[in-house]
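What follows is each chain in one-letter form.
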Amino acid sequence: MKKLYPAIPLLVLVLLVGSWGVHHFAQRRLEAGIADFRASIGPDATFSYATARPRTLARGAHFTAVTYHNPAMTLIAADVRLGGLTGNNVQGEKIGSLVLRNVKVMTPSNTISLDQVELGNLVLPNTARAAGDMAPPLGFDSLVLDRGAFTNMHLAIPASQTDVTIGRMTVSQYGMGRSSHLDLDRLATQINLTPTRRISVEHIVVDGPDFAGEVASLIQSGHLVHERHPQTMDLKKVEIDSTHPMLQIDHVTTSRFSTETEDKMDTKLDHLTLWSTGTDNPSILNAFGYDHFSGNIHANSTSDRSAGRVHLEPLTIESPDMGNLTMVAELDQIPFDDMAIIPETARIVSAAMTWDDLSLASHVVAGLAKSRDMDVDAYRQNLLATLGTSDDASMRAMGRFLQSPQDHPLQIALRPMKPVNLMMLGVALSMAGDPSVAAPLGLTISTP
């Protein structure tokens, strides 16, 4: 044992020299990597930091006070840790772990700040050096990420006076062709226009979409790609309010299955409450004597994108205060690439509905009487007399329904000779008593 004692100092010296050598090698490799990164980002971009230390065993680095800037954006992070670096410019740079703390990203149009960003198994796109004075694209469509977690995110968009905050968000399996997963807690949006609008969602879970494919589609065509991945979405506690409550939904679920040309969707809204917009801007709810709608909605639909058609099979609305609606319908001229203009283009090809009344009929009659400045009972008696003596069977059926709404479910069928524009349907139905209007609409009303 005594023979080993003289060897201990030598062993310590070897370990110290070896450790210094490994650290020196790692430091030189880090400096070379930083130099290569600076060369790859182009002449108009800069990368700076306060300190940089190699993480030898993890093949990574630890930076403090990091700033990256190019003409399109500036990124600042108090602390950046990278680990598990592998790959190259051709195969793509791979980062096993990337953690950023106290992050701020600024662009000409918005600012994003986050307490922390954690990325696992990130593969960057091929990092070809920038050409001329052009910075390389960000390449969000070609990134690959196994898991990303974002904590306390705040997005400010001054142009629209919009602020968005997210308590925590995780994204997994991001990459072209992958079925991704999104889990989000405490989403809150405030639009600081007059009047102020606030939108909040307690929890959001989205499963199935190819997020990277959707980003690529937006970049290339300006439209979202139509995917064939089965998808589900689950939202809890959705609220919209302004100077008064506007909308609340306890639970929203949707599922979608798609082929190359067809989408099948199932959507449920549980415990939906929708308030009127107030006496200063009365809605149809106010006109019929309600200050809010409450109920459940369930919609099954099949969409044929190649033909621009949607088939509802069925849509049900259950309101304990008003009544229950069941409807099947077929619509055409549906602009799937620009859903915002649906009211302008969509047409009803056919529709059939059944209404089981609880209070809506009496509210509608009272609202019509008020609009004509008439006594409600007198207006109702005149209306029943007119409908009861009509030559049209549909109008007589409407009279039977209004005479005793809870005893006579109302059935309405619409089979127009030519599809009717969705925005014109209300005007057409208001003239349903005129045979010259009802006949082209193929309108029939009955009571079982």
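Residues numbered from 1 in each chain as written. Predicted model: local features only at pLDDT ≥ 70, side-chain atom pairs only at ≥ 80, totals over all residues. Heavy atoms only, no water.

> Explain the overall build of the protein chain to me, please; I cannot follow it from the model alone.
Helices and strands together make up the secondary structure of the protein chain, namely nine helices and 20 strands. Residues classed as buried in the protein chain amount to 35% of the 448 residues present. In the protein chain, the proportion of contacts linking residues at least 24 apart, taken out of those at least 6 apart, comes to 52%. As displayed, the protein chain offers around 25400 Å² of accessible surface, 61% of which is attributable to carbon and sulfur atoms. (Helix = DSSP H or I, 4+ residues; strand = E, 2+ residues; numbered from the N terminus. Buried < 20%, exposed > 50% of the residue type's maximum accessible area, 1.4 Å probe, protein only. Contact = heavy atoms within 4.5 Å. Areas by Shrake-Rupley, 256 points an atom, 1.4 Å probe, with all protein chains shown as cover.)

> Could you clarify how one ought to interpret helix H6 (residues 376-388) in this entry?
Helical geometry: 3.6 residues make up each α-helical turn, so side chains three or four residues apart lie on a common side. With 13 residues, H6 should reach 18 Å at 1.5 Å per residue; the first-to-last C-alpha distance of 18 Å fits that figure. Lining the buried residues of H6 we find helix H5 (360-371) and helix H7 (393-403). Where H6 begins, the capping side chain belongs to Asp375, and its oxygen is found 3.1 Å from the backbone nitrogen of Asp377. (Expected span 1.5 Å × (residues − 1). Polar contact = N/O pair within 3.5 Å; in protein donor to acceptor, adjacent residues only side chain to side chain.)

> What's the story with unusual backbone geometry in this structure? I'm lost.
Keep in mind that most residues, glycine aside, have a negative phi and that most peptide bonds are trans. Put simply, Thr194 and Pro195 share a cis peptide bond, and its omega is 0°. Note that Pro195 resides in the loop between strand E9 (181-191) and strand E10 (197-207). Residue Pro314 follows Glu313 across a cis peptide bond; omega there is -10°. Inspection of the secondary structure assignment puts Pro314 in strand E15 (residues 309-319). Here Gln161, not a glycine, exhibits a phi torsion of approximately 50°, which is positive. Inspection of the secondary structure puts Gln161 in the loop between strand E7 (144-157) and strand E8 (162-174). Assessed through its relative accessible area of 38%, Gln161 is described here as partly exposed. Unlike most non-glycine residues, Gln173 shows phi in positive territory, near 55°. Position of Gln173 relative to the elements: it lies in strand E8. Overall, the relative accessible area of 34% leaves Gln173 in the partly exposed class.

> Looking at this model, I keep getting lost on the nonpolar core. Mind explaining?
If you look at soluble globular proteins, the nonpolar side chains tend to sit buried side by side. Of all hydrophobic cores here, the largest spans 83 residues; its most connected members are Phe63, Val80, Leu98 and Met169. Taken domain by domain, this core gets at least three of its residues from each of domain 1 (1-107 + 114-126) and domain 2 (308-447). Ignoring sequence-local partners within four residues, the contact set of Met169 consists of Gly148, Ala149, Phe150, Met153, Leu182, Asp183 and Leu184. (Core = buried A, V, L, I, M, F, W, Y, C linked by side-chain atoms within 4.5 Å. Domains from an automatic or database assignment.)

> I tried to follow the side chain of Gln231 on my own but got confused; where do I start?
On the secondary structure map, Gln231 appears in strand E11 (residues 231-241). Its relative accessible area of 13% is what places Gln231 among the buried residues.

> Which parts of the structure should I look at to understand the pattern of salt bridges?
Pairing of side chains with opposite charge becomes possible as their charged atoms draw close. For the structure on display, the rule yields eight salt bridges. The partner of Asp263 in a salt bridge is Arg305, and the shortest N-O contact between them spans 2.7 Å. Separated by 42 residues along the polypeptide, Asp263 in strand E13 (residues 262-275) and Arg305 in the loop between strand E14 (292-304) and E15 bring together distant segments of the chain. For the pair Asp263 and Arg305, a shared accessibility class is recorded, and that class is buried. Notably, a salt bridge pairs Glu330 with Arg309, separated by 2.6 Å at the nearest N-O pair. In this pair, Glu330 sits in strand E16 (residues 323-332) while Arg309 sits in strand E15, placing the two residues 21 residues apart along the sequence. Look at Arg309 and you get partly exposed, because its relative accessible area is 28%. Look at the salt bridges and you will find they share partners, linking Asp79, Arg81 and Arg101 into a network. (Salt bridge = Lys/Arg side-chain N within 4 Å of Asp/Glu carboxyl O.)

> Just checking my understanding: could you explain the packing of aromatic side chains for this structure?
The description of an aromatic ring pair uses the distance of the two centres, along with the angle that the planes make with each other. Scanning the entire structure with this criterion turns up three aromatic pairs. Between Phe47 and Tyr49, the aromatic rings sit 5.7 Å apart at their centres with planes inclined by 45°, giving tilted as the arrangement. Here Phe47 falls in the buried class, since its relative accessible area comes to 14%. Each member of the aromatic cluster is reached from another via a ring pair, and the members are Phe47, Tyr49 and Phe63. (Phe/Tyr/Trp six-rings, centres within 6.5 Å; stacked < 30°, edge-to-face > 60°.)

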